[in-house]
Amino acid sequence: MSQYDYDLYTIGGGSGGVRAARFAGQAGARVGLAEKGDLGGTCVNVGCIPKKLMSYSAHFHSDFADAAGYGWTLDGQQRFDWTTLIANKDREIAHLNDIYKRLLDGANVDLHRGFATVEDAHTVNVDGKRFTAGHILVATGGHPDKPAIPGAGFGITSDDFFHLKALPKRAVVLGGGYIAVELASILNGLGSQVTLVYRRERLLRTMDADLGVFLADEMAKKGIRLVFDANIEAISAQDGGEQTAKDVRLTNGETLQAECVLFATGRTPNTGKLGLEQAGVTLEKNGAIKVNDDFESSVPSILAVGDVIDRVALTPVALAEAMVVVARLFGRGERKISYQNIPTAVFSHPNIGTVGLTEEEARKQVGEVKIFKTDFKPLKNTLSRNTERTFMKLVVDAGSDRVLGVHMVGGDAGEVIQGFAVALQCGATKAQFDMTIGIHPTSAEEFVTMRTPVA
């Protein structure tokens, strides 16, 4: 491919793009990368990292309350300062941006700051400068949507949330997916009066049904008001100022007042202005790039990974997809990816961790299943009299005894489920779970002590 400027040219400096560029460069390929914004993409700048940092902050509210039951007296009034949190968060994000830049430099990747478009199967244009490449990798991610309703301009998305100048006194969050419940939990924990509005009757509808039901009860106990089977019909305000009170009219006839209206209603792949269709690349109806198992588009030299292909919108998945591409193009093709048993966490309050099949999916795939459930007050909440409970569930194939799904709502659920994800990858059976000695006293031990299936 010496006739080209680069062996690989990556469009997008998010998780997938940087990973592919970096490891291709380390493999000896000539690599270029275009990014107009901050390196790290959604995850680092307006997603996973700032969200988790702000979730930690929001947890201190309950931690302070719990401390009294353990003999601690916190003198004086606890005060929260939004500007301090945002400034410290921004400093950490800038540090991560710099790390990404150093990783690219260390792999001899040429970074071009600007907006890239695809001109043909082997040509990229970055703000008027053309580069040719044997392969082009599109890793441009996605962006949050706003609903097409009157006054939508008065609302914000998750991208805007991380840059609010002040904590709103009242907030309305629209949506029932993981972004909605996470940001609603953060706002509630930091002191906002939160109403969550969702057009369906259950949160987290793509996950096991018990998780959304249990989480809704726990969120309500923390003071979040949940309005189901309703949508926002229109928003009005005297002006568009960040702290201006808005009237939020719902489809059920109710009108709410809030300084912040946050839309968490879905994301769209970033393909609209890339010139892909003109270059012959086939897109799905939602704008996602259609790719095969090797992540090739309809133009084989143009590949895509991450949220822009709209398979599984998770950072670790984008990283794994990028490694498959690099191994095939510049290695021995030894890496593969399976979309089965991908663990994930929702950093709501309380957290959710889940891996494997839901009960509904399992019944459709294998027929007869055994279900094991438990919910309990964790030991930490006994002396504090915190009312938060923990829920756990196992979905088991009745024929083979293989564990098909492990689901949890409770403290550090993501940390717990990560370990059980390994067990599912290895095909563990319920009998093997039962043979495993638990670590006592922990919440996680409940997964290996449940013996009686529910009726």
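Residues numbered from 1 in each chain as written. Predicted model: local features only at pLDDT ≥ 70, side-chain atom pairs only at ≥ 80, totals over all residues. Heavy atoms only, no water.

A. Up close: the overall build of the chain. Counting its regular elements, the chain contains twelve helices and 21 strands. Here the C-alpha atoms of the chain give a radius of gyration of 24 Å, agreeing with the 23 Å that 2.2 N^0.38 yields for 455 residues. Here the C-alpha coordinates of the chain stretch approximately 70 × 65 × 45 Å along the principal axes. Looking at the 455 residues of the chain, the share that counts as buried comes to 49%. Of the contacts formed within the chain by residues at least 6 apart in sequence, a portion of 63% connects residues at least 24 apart. Accessible surface, the chain: about 21,300 Å² in total, of which carbon and sulfur atoms supply 50%. (Helix = DSSP H or I, 4+ residues; strand = E, 2+ residues; numbered from the N terminus. Rg over C-alpha atoms; globule rule 2.2 N^0.38 Å. Buried < 20%, exposed > 50% of the residue type's maximum accessible area, 1.4 Å probe, protein only. Contact = heavy atoms within 4.5 Å. Areas by Shrake-Rupley, 256 points an atom, 1.4 Å probe, with all protein chains shown as cover.)

B. Seen up close, the pairing of strand 14 (residues 260-263). Side chains of strand 14 alternate between two faces, with C260 and L262 and V261 and F263 buried alike. Sheet topology places strand 8 (residues 170-174) next to strand 14; four bridges connect them, and they run parallel. Opposite V173, over in strand 14, you have L262 as the bridge partner. (Pairing = 2+ DSSP bridges.)

C. The arrangement of the packing of aromatic side chains in detail. Under the criterion given, the structure shown has nine aromatic pairs. Through successive ring pairs, a cluster of aromatic residues spans Y6, Y9 and F131. Directly above the aromatic system of F372 lies the positively charged group of K430, at a separation of 4.3 Å from the ring centroid. (Phe/Tyr/Trp six-rings, centres within 6.5 Å; stacked < 30°, edge-to-face > 60°. Lys NZ or Arg CZ within 6 Å of the ring centre and 35° of its normal.)

D. Spotlight on the pattern of salt bridges. For the structure on display, the rule yields 21 salt bridges. Ionic pairing is found between K393 and E359, a salt bridge with its closest N-O pair at 2.7 Å. Of the two residues, K393 sits in strand 20 (residues 390-397) while E359 sits in helix 9 (residues 359-366), which places them 34 residues apart along the sequence. E359 shares its class with K393; the two are buried. Members of the salt-bridge network, linked through shared partners, are D208, D210, E359, R363, K373 and K393. (Salt bridge = Lys/Arg side-chain N within 4 Å of Asp/Glu carboxyl O.)

E. Summary view of helix 4 (residues 82-106). Helix length check: helix 4 (25 residues) gives 36 Å between terminal C-alpha atoms against 36 Å at 1.5 Å per residue, within 8%. Restricting attention to buried positions, one finds in helix 4 the residues W82, L85, I86, K89, I93, L96, N97, Y100 and L104. At the C-terminal side of helix 4, N108 shows a positive phi close to 60 degrees. (Expected span 1.5 Å × (residues − 1).)

F. Structural detail: helix 3 (residues 48-67). With 20 residues, helix 3 should reach 28 Å at 1.5 Å per residue; the first-to-last C-alpha distance of 28 Å fits that figure. Of all bends in helix 3, the biggest is about 30 degrees, found at H61. Of all the positions in helix 3, only P50, K51, M54, S55, S57, A58, D66 and A67 are classed as buried. Looking at the buried positions of helix 3, the neighbouring elements they touch are helix 2 (41-46), helix 4, helix 5 (158-161), helix 6 (178-190) and helix 10 (380-384). (Bend = angle between axes of the 7 residues up to and from the residue.)

G. Structural context of the environment of N252. As for its placement among the helices and strands, N252 is situated in the loop between strand 12 (246-250) and strand 13 (255-258). When the C-alpha positions of N252 and A67 are compared, they lie 41 Å apart, and in sequence the two are 185 residues distant.

H. Broad picture of the pairing of strand 5 (residues 123-126). Judged by which residues are buried, strand 5 turns out to be covered on both faces: T123 and N125 on one side and V124 and V126 on the other are all buried. For strand 4 (residues 116-120) and strand 5, the ladder comprises four bridges, and the chain directions are antiparallel. Within strand 5, the residue paired with D120 across the bridge is T123. Connecting the antiparallel pair strand 5 and strand 6 (residues 129-138) is a turn made up of two residues, with D127 showing a positive phi of about 50 degrees.

I. Examining the nonpolar core more closely. Y9, L33, L104, V138 and I289 are the most contacted members of the largest nonpolar core, which totals 50 residues. Those residues in contact with Y9 that lie beyond four places of it in its chain are G32, L33, A34, H112, V124, V126, F131, A133, H135, I136 and L137. If you look at the next biggest cluster of nonpolar residues, it comprises 39 residues, including F162, L211, L215 and I224. (Core = buried A, V, L, I, M, F, W, Y, C linked by side-chain atoms within 4.5 Å.)

J. Fine view of the sheet that holds strand 8. Overall, parallel pairing links the four strands, which are arranged 10-9-8-14 in an open sheet. The sheet is open, and its two borders are formed by strand 10 (225-227) and strand 14, each paired with just one other strand. Put simply, the sheet's adjacent strands are angled 20 degrees from each other on average, direction ignored. Sheet analysis places strand 8 next to strand 9 (residues 193-197), joined by five bridges and oriented parallel. Bridging across to strand 9, V173 finds its partner in L196. Sitting on the sheet, helix 6 is in contact with strand 8, strand 9 and strand 14, with an inclination near 165 degrees to strand 9. (Axes fitted to C-alpha atoms, helices over the stretch in contact; angles between N-to-C directions.)

K. Examining the side chain of K246 more closely. Position of K246 among the secondary structure elements: in strand 12. At a separation of 2.7 Å, a polar atom in the side chain of K246 contacts the main-chain carbonyl oxygen of E259. Look past the residues within four positions of K246 in its chain and what remains in contact with it is F154, I235, S236, A237, G241, L256, Q257, A258, E259 and V261. (Polar contact = N/O pair within 3.5 Å; in protein donor to acceptor, adjacent residues only side chain to side chain.)

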